[in-house]
Amino acid sequence: MTVVETTSLSSNRSGPDSRLRQWLKPSPFWLAVPGLLFILVFFLAPTIQLMSVSFFDKAGELSLATYSRMVSSTVYLRVLSTTFGIALQVTLWCLLLGYPLAYWLSGMPGRRQRIMLMFVLLPFWTSALVKNFAWLVLLGRNGIVAAGMEKIGLPGGDALLFSRGTVIFAMVHTMLPLAVVTMMPIMNQIDRRLTMAAETLGATGAQAFWQIFFHLSGRGIATAGLLVFVSSLGFFITPSLVGGRTETMISQLIITQINTLQNWNFGSALAVLLVLASLLTIFVYDRLFGLSSIAGEGKKGHADGKLRRFGLFITSWLGRICAGIQRFSARNLKGITGQGLLSTYGWIVLIVLLFPIIGVVPMAFTEADYLTFPPQGFSLRWFEAYLSSPVWVSATLRSFGIGFATAFITVIVAGLAALGLARSNSRFSGAAFLLFMAPMVVPPIVIAISLFYLFASLSMIATDSAIAIGHSVIALPIVFVILLATFKEHDWRLDQAAATLGATRLKTALRITAPLVKPGLIVGFVTGFLQSFEELTVALFIGGGLKTTLPKQMWDDITLSVNPRIAAASVVVLLVVVILFCAIEYFQRPAKARR
Amino acid sequence: MKNSVIDLTTAKPIGTPDEPARLKLHAQGLCKFYDGFAALNPTDLKVNAGELLTLLGPSGSGKTTMLQLICGLVKPSDGRLYIDGRDHTESVASERDVGVVFQNYALFPHLTVYENIAFPLEMRRVAKSDAGKRIAEVLDMVGLADFGKRFPSELSGGQQQRVALARCLVYSPSLILMDESLSALDRKLREAMQIEIRRIHRETGSTIIFVTHDQEEALALSDRICLMNAGRIEQICSPQEMYERPVSRFAADFIGISNIFEGTVANGRLETSDGALPLPTEATAERGYLVLRPKHIRIEAAEGAMLSGRLIETIYAGPECSLMIRLESGFTVTARRSSSLPHLPIGDMVGLSWKPEDTRFLDR
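Source: prediction; values computed, not measured.

Participant: What is the right way to look at the interface of chain B and chain A in this model?
Facilitator: Interface extent is often summarised as the accessible area lost during association of the parts. With 28 residues of chain B at the interface, the matching set in chain A holds 27 residues. Summing both sides of the interface, chain B and chain A together bury roughly 2,300 Å²; the carbon and sulfur share of this comes to 62%. Counting the contacts that link chain B with chain A gives zero salt bridges. Counting across the interface, chain B meets chain A through six residue pairs in polar contact (both at pLDDT 80 or more). Only β6 (98–101) and α2 (113–123) of chain B provide two or more residues apiece to the side of chain B that touches chain A.

Right, here's the structure in full:
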């Protein structure tokens, strides 16, 4: 409050002219302006425009007819409840399965942890298409899992696909890495000496874990839950590929309404529902934990807060119950250590995570005309088929081009914004942060359709630049978060030191700042590229069926004619992801080890 | 009456005639190896009940390993550990009735000051009403009575330190371990806390093992100092004895300021690069060190003195000055002199003399 008062005081004294000057004076915050404009033009305005369509009838009059029609039809309500049900189950499974994995990883020493994290992230960054198509083959009627189940006498191996369970399994498989990478850094921050201290104070291992470690990791669980839930709401690739008729999710419905039925009002109304659902989730999260905790600043809990009391009560009981189990197992199950169980679990989950993407590789080298696992014979014919197809090659090259363009746009736009926000203490910083994060909240399908609307009016449909802009909007939040963390972690006193040692601003930037933030910039660049490289939704709409990217081509192939060429293409995608991962690892290593 | 830490009347004096000093802690051949590296070589250590012992040593000397072995956070590679005569080698930390005040305090950030202090009582299933009374008492004792509802992040370093101490005292552990607990505090606060610790030690009669790398702190606090070096005990004795009769070059160098001459023994003298120096006693070793404390050196005219050198620096420190004198060999000797004596100009040649019986000859 005092800040506001002093500014108004000083401006009263020296007139409105100086107030304007104060507003325009050079401040790091101005660096965020290009990014804010980008968000405004390519995200906020088109999304609002799309959503407003639902509030008008065919004649252009303001009306809620679309919504009343939607509420009166059980079909839509069913799809809505399916969407929420699936998203909720996926979230719970991700947290349940992901927590022990994240805990296991956070107990590892630095370098080993980074390498293991690569294995977790590899399936995350491998296009959902590759994984889902692998599931189609692996879980199919004649797949390896069905064969294995038959061998050990388990029934149901022939009906693994096209059910609610499959959709949830495949979505958990996709989202689990996100949950892990959200929870792990928060676990890393927890001082493990605290649990040691608890033990010296009389707590058993289980009590120390639940009452101290688990409680402190709560923020990570909540954030992971939020991200997984919001992302799950917008899924459409997984349910449409491995799900059955009853697993239709809201995004699929939007595509049908707009692509097939050309019913923009209805599609728009569904988009409004989807966005509202996301916003509601975020609102609840904000009430409980405070939004700023995503940016790493925990909400200051009040000593008598109800939520805090409740949390302490729950963890204290969990601690007591598990202490009992611990005593029981220590007496009766000698030789089984918690650490042993944990690493066994960790490895099993890792293997399941990597299963589809490793499974794809041998499929690509098959001799047969159809996809099988295990593959028959060994040949490179499907790689030849891939390389000799002008459609596939041009799609691949386009994906590379658009990927690089996206990476450049996002690193520059998000980099300037992150630098501005990290260096300024403007009161608009909080709002700007939320704006940059907003595209993460709105499902990609809504962004894609909004942009289709915008680019159609600019006659930019089916241009590479339109796709690159669309990808940039989607990649912006994550690149922004990475770069913001980079600039916040950078020790700016080093720049001051350089200045006192006689370096000019430019020299300081080149000799001190740039080398120190370079790893972060490279990770941001690679992330931007990967986001674009595996993105399907935007390419599906804005490509207009003419400019196909690699994921779009794969999508067409899966939905039209499945043959091993898509496995060959998947291997290429995998190779790119692996190479980029190695590059990240190389640049993240301490400078000494690199020489 | 085990839990009556704060009740002064029940604290028994230690080692009364009818009850000789009990052994609180006994380590037998306790050792810890990490991948072949000896963090602690096989070590024997006996600590009497009611004693305040410091584990003193440079970083990597094994003092923290020793502490972790005692409180059960690390499993020993070999050896046995007895607390109150009971074998505790295999028991986990929570079964040892040991209190630890950690270097970084290890206050639980999600719990308030009150809840932090209540934690050990909760773990021991102490009734709420009883617990409340005891927490109020310890909070009062460390002067934080009004801070119960604060979170640790809302306290200063010194206040956090006191909360950590209170959390340890509230359940009256009979053995308290302190791991560099004062090192993060500024000098004034550290000295105040040292007095506090001595007072609590006296009033509660608890056994305290205090880990530090600060020799002044060790001298100020301890009943006995256990000096550690390279994973083994170098010397264990009272502070005064440690200062006056160090057993090794390392001990002499680590405690206080020493001038240490190295040389070979010949004809009852030590042949050094600065000449032959008289030995205090008959020496049997061939090589050794002569330790000379600054306070024993007399500054006089260069002629006729035992050693002479050029004064290169004087450092004023209130009642006394430290003088740095460079000998011909390049070796710099530190001497001490009253500040009231006339000032000596830097660059002058001065002479050094001492009584041979004030020096100490060490063969290692």
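After that view, the rundown keeps rolling.
Participant: Help me understand the pairing of strand β4 (residues 78–83) of chain B, please; the structure alone is not making it clear to me.
Facilitator: Consecutive side chains along a regular strand alternate between the two faces of the sheet. All names here are of chain B. Burial along β4 is one-sided: the residues Gly79, Leu81 and Ile83 are buried and none of Asp78, Arg80 and Tyr82 is. In this sheet, β4 lies alongside strand β1 (residues 23–34) in antiparallel orientation, the contact comprising five bridges. In the sheet register, Ala27 faces β4, and the bridge partner there is Leu81. Where β4 meets strand β5 (residues 86–87), two bridges bridge the pair, whose relative direction is antiparallel.

Participant: Please clarify how the pairing of strand β9 (residues 224–229) of chain B should be interpreted in this entry.
Facilitator: All names here are of chain B. In this structure, strand β3 (residues 52–56) lies alongside β9, joined through four bridges in parallel fashion. The partner of Thr54 across the bridge, within β9, is Ile225. Sheet topology note: the β9/strand β10 (residues 232–237) ladder contains five bridges and is antiparallel. The partner of Met228 across the bridge, within β10, is Ile233. Hairpin geometry of β9 and β10 is characterised by an intervening segment of two residues between the two adjacent antiparallel strands and by a positive phi of about 50° at Ala230.

Participant: Can you walk me through the sheet that holds strand β19 (residues 349–353) of chain B in this structure?
Facilitator: As a general point, the strands of a sheet are linked pairwise by backbone hydrogen bonds and lie either parallel or antiparallel. Residue and element names in this part refer to chain B. The strand order β15-β19-β16-β17-β18 describes an open sheet built from five strands, whose pairing is antiparallel. Each edge of the open sheet is held by one strand with a lone partner, namely β15 (298–300) and β18 (332–338). Strand-to-strand twist in this sheet, taken as the mean axis angle between neighbours without regard to direction, amounts to 45°.

Participant: Hey, could you run me through the environment of Ser27 of chain A in this one?
Facilitator: Take Ser27 of chain A: it is sitting in the loop between α1 (2–24) and α2 (33–53). For the pair formed by Ser27 of chain A and Asn425 of chain A, sequence separation is 398 residues and the distance between their alpha carbons is 9.5 Å.

Participant: What is the right way to read the side chain of Glu234 of chain B from this model?
Facilitator: Residues and elements named next belong to chain B. You can see Glu234 is positioned in strand β10. With relative accessibility at 14%, the residue Glu234 sits in the buried group. Reaching out from Glu234, the side chain makes a polar contact with the side chain of Ser248 at a distance of 2.7 Å. Not counting the four nearest positions on each side in its chain, Glu234 is found in contact with Leu227, Met228, Asn229, Val247, Ser248, Phe250 and Arg364.

Participant: What am I meant to see in the pattern of salt bridges here?
Facilitator: Residue and element names in this part refer to chain B. Scanning the entire structure with this criterion turns up 20 salt bridges over all chains. Across the salt bridge formed by Glu216 and Arg187, the nearest N and O atoms sit 3.9 Å from each other. Residue Glu216 is located in helix α6 (residues 215–221), and its partner Arg187 is located in helix α5 (residues 187–204); the two are separated by 29 residues in the primary sequence. Among the salt bridges present, the one from Arg190 reaches Glu217, with a minimum N-O distance of 3.8 Å. Here Arg190 is found in helix α5, whereas its partner Glu217 is found in helix α6, with 27 residues between them in sequence. A network of salt bridges, in which partner residues are shared, links Arg22, Lys24 and Asp84.

Cut-off values and rules
Residues numbered from 1 in each chain as written. Chains lettered and ligands numbered in written order. Predicted model: local features only at pLDDT ≥ 70, side-chain atom pairs only at ≥ 80, totals over all residues. Heavy atoms only, no water. Contact = heavy atoms within 4.5 Å. Buried area = accessible area lost by both parts, 1.4 Å probe. Salt bridge = Lys/Arg side-chain N within 4 Å of Asp/Glu carboxyl O. Polar contact = N/O pair within 3.5 Å; in protein donor to acceptor, adjacent residues only side chain to side chain. Helix = DSSP H or I, 4+ residues; strand = E, 2+ residues; numbered from the N terminus. Buried < 20%, exposed > 50% of the residue type's maximum accessible area, 1.4 Å probe, protein only. Pairing = 2+ DSSP bridges. Axes fitted to C-alpha atoms, helices over the stretch in contact; angles between N-to-C directions.

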